[in-house]
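Descriptive analysis of the structure
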Amino acid sequence: MSSIDVLSVTKLSPFYEAHLREHFVLHDRLHDTDPSAFAKIAPRIRAIAASGESKVSAELMAQLPALEIISVFGVGYDGVDTQAAKARGVMVTHTPNVLNDDVADLAMGLMLAAARQLPAADRYVKEGKWPNGPMPLARKVSGTRLGIVGMGRIGQAIAQRALAFGMSVAYTARSAKAELPHPFYATPRDLAAHSDYLVVITPGGAGTRKLINAEVLAALGKNGVLINVARGSVVDEAALIDALQKGVIAGAGLDVFESEPNVPEALRQMPHVVLAPHIGSATTATRQAMGDLAFGNLKNHFAGQAVITPVPECAVKG
Ligand code: 8YV
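Residues numbered from 1 in each chain as written. Predicted model: local features only at pLDDT ≥ 70, side-chain atom pairs only at ≥ 80, totals over all residues. Heavy atoms only, no water.

1. Considering the side chain of threonine 10
Take threonine 10: it is sitting in the loop between strand E1 (5-8) and helix H1 (14-23). Using a relative accessible area of 17% as the deciding quantity, one classes threonine 10 as buried. Among the polar contacts made by the side chain of threonine 10, one reaches the side chain of serine 54 at a distance of 2.3 Å. Those residues in contact with threonine 10 that lie beyond four places of it in its chain are Asp28, Arg29, Ala49, Ser51 and Ser54. (Helix = DSSP H or I, 4+ residues; strand = E, 2+ residues; numbered from the N terminus. Buried < 20%, exposed > 50% of the residue type's maximum accessible area, 1.4 Å probe, protein only. Polar contact = N/O pair within 3.5 Å; in protein donor to acceptor, adjacent residues only side chain to side chain. Contact = heavy atoms within 4.5 Å.)

What follows is the structure, given as structure tokens:
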């Protein structure tokens, strides 16, 4: 594999990048940094290394006649034009399952942090305010109603954790899952109307763009809290800011944003909002597992073996 040219389209985790450099000729974001050098090596590129947030457009693929595989370091691949890849016979792989626990943990963490005001509590003690009196009372999590938008692998891992908190769980998804005991609502609006906390963990992309809009937020109501660990595109950010400013909902915990890494000033100023910089899968153990899987997909492909985790669109139907 040592002579195979790979283009990375994102700054990759250092250990994953080092691993790729050991086995491939890695061109780190050359298309962005040096277009004329890129034009020379483009015909040799046989693989793209991307992350969950990367954009891999049909235009980029069109410049790479030898492209065979796009390996995404992440479960989400909404930035990859899979239709164009399929039409060209380019394989697309991702890293499902290995990050389920981390993303579900973060969803619970944001829920607890937003409800119990943990960042404010931390500042309260550190800034020496405690001797002047207690903090304002916060919002209860245990025993309340959780609505999950998107009931795939990570949604189910969140449900499992919520049950241990004595929460009732309901969900919405493209269709009801007969094997799950939780109530199904056909729309995010109906689910929100029956939830105290609404967690968004649906794939990104055109099919879910602004799924969580002003109407859904109004249904969640003034005691409701929105948690987003999916993609910024799934929530209408302007509608969310408006709802938070007007008290239409009580608060939010957000790991993802419409235009990362830029977060609107309005959100950054809000005391009832807890923010994180897209860290759903960002633990050492999980990033290692994601790197191993993303690398394993490339290795298998170039060894002439079946890839481990193709995206559903590229999976061979049995
Ligand atoms: C990113 C993610 O891939 O898995 C996903 O879909 O969004 C993340 O895990 C990760 O931040 C690497 O950039």
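2. Here we look at the packing of helix H6 (residues 100-116) against helix H8 (residues 153-164)
With their axes 8 Å apart at the nearest point, H6 and H8 run at an angle of 50° to one another. Compared by their axis directions, H6 and H8 come out oblique. When you trace H6 past H8, the crossing you get is right-handed. Each of Asn100, Asp101, Val103, Ala104, Asp105, Ala107 and Met108 in H6 lies in contact with H8, whose residues at this interface are Arg153, Ile154, Ala157, Ile158, Arg161 and Ala162. Considering only residue class, the contact of H6 with H8 consists of eight nonpolar, one polar and four charged. (Axes fitted to C-alpha atoms, helices over the stretch in contact; angles between N-to-C directions. Parallel < 35°, antiparallel > 145°, perpendicular 65-115°, else oblique. Left-handed = near helix turned anticlockwise from the far one by under 90°. Nonpolar A, V, L, I, M, F, W, Y, C, P; charged D, E, K, R; others polar.)

3. Things to note about the layout of surface pockets
The calculated volume of the second largest pocket comes to roughly 210 Å³. Ala114, Ala115, Gln117, Arg139 and His272 are the residues nearest the centre of the second largest pocket, which is lined by 14 residues in total. Contributing elements (two or more residues each) for the lining of the second largest pocket: H6 and strand E10 (251-254). Considering only residue class, the lining of the second largest pocket consists of 10 nonpolar, three polar and one charged. (1 Å grid on protein atoms, 1.4 Å probe; cavity = no way out; pocket = protein on both sides within 12 Å on 5 of 7 lines; lining within 4 Å. Points joined across faces, edges and corners; volume = space filled by probe spheres on them.)

4. Let's talk about the site of the ligand
Taken together, 13 residues sit near the ligand, with Glu53, Val75, Arg231, His278 and Ser281 positioned nearest. Contacts to the ligand include glycine 52, whose backbone N or O atom sits 3.0 Å from an oxygen atom. Looking at side-chain class alone, the shell around the ligand contains four nonpolar, six polar and three charged residues. (Near = heavy atom within 4 Å.)

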